[in-house]
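Okay, here's what each chain looks like letter by letter:
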Amino acid sequence: MEYYTQNRPVSTGRSAYAYCVKCDAPMTGDEAALNYKFVNRLAKEFLCPACLGERMGVSAEYLRGMIVTFRKQGCRMFSPWVEDDE
């Protein structure tokens with residue numbers, strides 16, 4: 001697993017980086033990065049997109065769309081965006 005300068009792993013989408021403290025759902029690094037972005041940059045406990053969306057009053061689909069937006073913008077907390085060649 002590769003690391004950025006602040007020891008935040010790059011999500012490969014294969015294994016869980018964290019687990020939701022509310023529902024114990026496995027989460028990818030990108031889903032955990034939403035907590036860094038929206039809750040606290042020093043977060044130690046994470047909420048899955050469904051639980052975070054419930055807390056924020058938005059849908060989980062909206063938050064997953066925000067992951068794509070942040071990745072396309074090049075935010076280094078999220079895994080790099082790769083364009084499909086199709």
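Up top is the structure.
This structure is a prediction, so every number in the text was calculated from the model and none was measured.

Q: Describe the packing of aromatic side chains, listing the residues and the values that go with them.
A: If you walk through the whole model with that rule in mind, you get three aromatic pairs. Geometrically, the ring pair formed by Y36 and F46 is edge-to-face, given 5.5 Å between the ring centres and 90° between the ring planes. Taken as a pair, Y36 in helix α1 (residues 29–38) and F46 in the loop between α1 and α2 (49–56) lie far apart in primary sequence, ten residues in all. What makes F46 buried here is its relative accessible area of 8%.

Q: Which residues make up the pattern of salt bridges, and what values do they have?
A: Inspection of every chain in the model, using the stated rule, returns two salt bridges. Two residues, E54 and K22, come together in a salt bridge whose shortest N-O distance is 2.9 Å. Note that E54 is positioned in helix α2 and K22 in the loop between β1 (18–19) and β2 (26–27), a separation of 32 residues in sequence. Note on E54: relative accessible area 56%, which makes it exposed. Note on K22: relative accessible area 51%, which makes it exposed. For D30, the salt bridge is made with R71, and the minimal N-O distance between the two is 3.9 Å.

Q: Explain the packing of α1 against helix α3 (residues 60–73) to me, using residue names and the numbers behind them.
A: Helix packing for two helices is described by the angle between their axes and how far apart those axes are. Viewed as axis vectors pointing N to C, α1 and α3 meet at an angle of 85°, and their least axial separation amounts to 10 Å. Here α1 is positioned roughly perpendicular relative to α3, judged by the angle of their axes. Residue-level contacts link D30, E31, L34, K37 and F38 of α1 to L63, R64, M66, I67, F70 and R71 of α3.

So, how was this worked out
- Residues numbered from 1 in each chain as written.
- Predicted model: local features only at pLDDT ≥ 70, side-chain atom pairs only at ≥ 80, totals over all residues.
- Heavy atoms only, no water.
- Phe/Tyr/Trp six-rings, centres within 6.5 Å; stacked < 30°, edge-to-face > 60°.
- Helix = DSSP H or I, 4+ residues; strand = E, 2+ residues; numbered from the N terminus.
- Buried < 20%, exposed > 50% of the residue type's maximum accessible area, 1.4 Å probe, protein only.
- Salt bridge = Lys/Arg side-chain N within 4 Å of Asp/Glu carboxyl O.
- Axes fitted to C-alpha atoms, helices over the stretch in contact; angles between N-to-C directions.
- Parallel < 35°, antiparallel > 145°, perpendicular 65-115°, else oblique.
- Contact = heavy atoms within 4.5 Å.

Treat this as a map of the structure, not an account of what it does.
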